[in-house]
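# Coordinates in review
In case you want the letters, here they are:
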Amino acid sequence: MTKIFMTEQEYSAFTTSKYMGLLYENKCAIVSCTKQFSGNNLLVEFTEGIDIDIEKDVYIPFIREYNNFTLNET
């Protein structure tokens, strides 16, 4: 399983993004989302998919888009 930390805002944007479809297409799912004791972070746990690296193929492209979007909003 792959575990990735996200803020609540990132997680909210992620669950409504095109990357959820990419997870579905590759037989991946979010198994759990746990609020951490310190800060505003969530620990998101994903199942392993078919021929996909969650961090490289999903999370990094998502977070780049998310950061570009939030930078352009301000």
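Everything below is about the structure printed above this text.
None of these values were measured; they are calculated from a predicted model. (Residues numbered from 1 in each chain as written. Predicted model: local features only at pLDDT ≥ 70, side-chain atom pairs only at ≥ 80, totals over all residues. Heavy atoms only, no water.)

### Observations regarding the nonpolar core
Stated formally: The nonpolar core is taken to be a set of buried Ala, Val, Leu, Ile, Met, Phe, Trp, Tyr and Cys residues, with the residues joined through side-chain atoms within 4.5 Å. Exposure classes here rest on a 1.4 Å probe applied to the protein chains alone. A residue is buried below 20% of its type maximum, exposed above 50%, and partly exposed in between. Put simply, DSSP H or I for four residues or longer makes a helix, DSSP E for two residues or longer makes a strand, and each gets a number counted from the N terminus. Between two residues, a contact is recorded if the distance between any of their heavy atoms is within 4.5 Å.
The biggest cluster of nonpolar side chains holds 16 residues, and the ones touching the most others in it are Met6, Phe14, Leu23 and Phe46. If you list the elements that add at least two residues to this core, you get β1 (2-7), α2 (18-25), β3 (41-46) and α3 (54-73). For this core, the leading source of residues is α3, giving six residues. What phenylalanine 14 contacts, discounting residues up to four positions off in sequence, is Met6, Tyr19, Met20, Leu23, Ile30, Phe46, Val58 and Phe62.

### So, the pairing of β1
Just so we agree on the cut-off: Two strands qualify as a pair provided DSSP detects at least 2 bridges between them.
Burial along β1 is one-sided: Thr2, Ile4 and Met6 are buried, while Lys3, Phe5 and Thr7, pointing the other way, are not. Of the strand pairs in this sheet, β1 and β3 are connected by six bridges, and their pairing is antiparallel. Of the residues in β3, the one forming a bridge with threonine 2 is phenylalanine 46.

### Focus on the side chain of threonine 2
Put simply, the rule reads: N or O atoms closer than or at 3.5 Å make up a polar contact, with two conditions inside protein: a donor-capable atom paired with an acceptor-capable one, and, for residues adjacent in sequence, both atoms drawn from side chains.
Residue position: threonine 2 is located in strand β1. Judged by relative accessible area, which is 17%, threonine 2 ranks as buried. Within the local environment of threonine 2, its side chain forms a polar contact with the side chain of glutamate 48, the two groups lying 2.9 Å apart. Residue contacts for threonine 2: discarding those within four places in its chain leaves Val44, Glu45, Phe46, Glu48 and Ile54.

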